[in-house]
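What the coordinates show
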Amino acid sequence: MNPRQIFSVFLLMIVFFSRSIYCFAHSINDDEENDFTKNKNRKGFYAGAYFGSYFANKYTAKIYDGYGLDANGVKNNFVNSFIHRRIVFDYGGGNGQIDQIAQQLNINPGEWNFDETDMPADMKYNPAFMVGMQVLYSITQKDALLINSNIARLTLNGNFTITIIAPPIGPQQPNYKNIRTFSVTGGEQRIMFQAGYRRILGDNDMLNFFVECGPTLNMAKFIRNMITINNLPIDLSVYYNQPYYTTYHARYLKGVGLGAFVSLGTNICINPKWSIQLLYALSRECINIGENPKHTLQNAIGIRALYNL
């Protein structure tokens with residue numbers, strides 16, 4: 001889902017919630033409305049919880065594409081790639097071992113081929129569930145300072161292929177190739193900290209738009225990288241645990257990055273103590289893992305509940 005699609009979904013959600021709140025506002029009686037107006041927009045500290053979806057930029061997904069990085073953080077060539085070494089040498093009959101790949105493909109040993117054209121080509125992050133907490137200090141009825149803390153566990157998916165070179169049974173079309181497709185997956189954890197400023201837009205007692213902005217800091221960590229050939233799971237990250245990668249994890253598989261964020265949303269005052277916020281957040285930040293990290297755009301949509309302390 002690209003940023004335009006995410007923002008379109010967000011706008012539809014705002015319309016839905018705004019309509020619901022409009023109906024709710026006209027259903028309360030006069031006494032409740034007067035009590036709400038009397039206590040609206042109270043200053044002071046607020047605390048709340050956030051639940052939403054996180055859409056990671058695919059730039060860092062390339063470290064899960066099966067090539068792997070060497071001890072200097074440089075992407076391996078195909079011959080030295082993790083996926084080639086695991087398939088061909090560790091599980092494919094190399095060094096006189098049993099050809100477990102052939103067993104999974106239900107063919108004779110050696111009747112398959114894996115070359116550079118079979119490598120994963122387009123690894124992508126899946127939308128992730130994100131949770132978090134917010135502490136906010138309202139310095140006026142409309143202005144506030146905030147600190148957000150969010151965490152997300154990301155998963156990735158892609159495909160690679162293996163070509164069966166055993167003679168086909170029966171007649172086949174010209175240039176026929178028996179190509180099998182299998183999955184490559186990854187896992188990653190991100191923790192995000194945001195500090196900034198919030199401004200409420202409008203003077204409605206119950207429903208207003210708001211904007212937030214400020215710097216952000218993230219902590220990203222590589223978790224796993226796997227391939228699966230039918231019923232055979234193969235861990236690609238096993239090489240990262242070898243002795244010559246002593247400092248590897250600290251330098252390339254986890255890191256801290258900086259950036260900035262902006263959030264747009266709607267603030268719904270349920271009563272003098274509770275507010276609900278529906279928001280879309282866009283950040284430009286450096287996810288500092290892998291080779292040549294750079295600043296990229298990340299997206300999130302979610303809902304936040306705030307309690308006036």
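Our structure's up above, just so we're on the same page.
The following refers to the structure shown. (Residues numbered from 1 in each chain as written. Predicted model: local features only at pLDDT ≥ 70, side-chain atom pairs only at ≥ 80, totals over all residues. Heavy atoms only, no water.)

Examining the pattern of salt bridges
Filter applied, for reference: Here, a salt bridge means any side-chain nitrogen of Lys or Arg that lies within 4 Å of a carboxyl oxygen of Asp or Glu.
Counting across every chain of the model gives eight salt bridges. Between Lys124 and Asp122 there is a salt bridge; the shortest N-O distance is 3.6 Å. One network of salt bridges, with partners in common, ties together Lys58, Asp122 and Lys124.

Notes on the packing of aromatic side chains
What counts, and what does not: Only Phe, Tyr and Trp rings take part, Trp by its six-membered ring, and two of them pair if their centres are within 6.5 Å. Stacked means planes under 30 degrees apart, edge-to-face means over 60, and tilted covers everything else. For a Lys NZ or an Arg CZ to count as sitting over a ring, it must be within 6 Å of the ring centre and within 35 degrees of the ring normal.
Applying the stated rule across the entire model yields nine aromatic pairs. Here the aromatic cluster, defined as three or more aromatic residues joined through ring pairs, consists of Tyr64, Phe82, Phe222, Tyr239 and Tyr240. Sitting above the plane of the Tyr67 ring, Lys75 keeps its charged end 4.5 Å from the centroid. Stacked on the ring of Tyr125, the Lys or Arg Arg190 has its end atom at 5.1 Å from the ring centre.

Brief notes about the nonpolar core
Our working definition: Definition used in this section: a nonpolar core is a set of buried Ala, Val, Leu, Ile, Met, Phe, Trp, Tyr and Cys residues joined via side-chain atoms within 4.5 Å. Any residue under 20% of the maximum accessible area for its type is buried, any over 50% is exposed, and the rest in between are partly exposed; the area is computed with a 1.4 Å probe on protein chains only. Secondary structure counts use DSSP, requiring at least four H or I residues in a row for a helix and at least two E residues in a row for a strand, with both numbered from the N terminus. The criterion used for residue contact is that any of the two residues' heavy atoms lie within 4.5 Å.
One finds Ile101, Trp112 and Phe160 to be the most contacted residues of the largest nonpolar core, which totals 50 residues. Here this core takes six residues from strand β5 (residues 143–164), the largest share from any one element. Not counting residues within four places of it along the chain, the set of residues in contact with Ile101 comprises Ile87, Tyr91, Gly92, Trp112, Ile162, Ile229, Leu232 and Ile234. Grouped together as the second largest cluster of nonpolar side chains are six residues, Tyr46, Leu146, Phe261 and Leu306 included.

Considering the environment of Ala49
In this structure, Ala49 sits in strand β1 (residues 44–55). Between the C-alpha atom of Ala49 and that of Tyr307, which follows or precedes it by 258 residues, the distance is 9.2 Å. Not counting residues up to four positions away in its chain, the partners in contact with Ala49 are Gly132, Met133, Ile303, Arg304 and Ala305.

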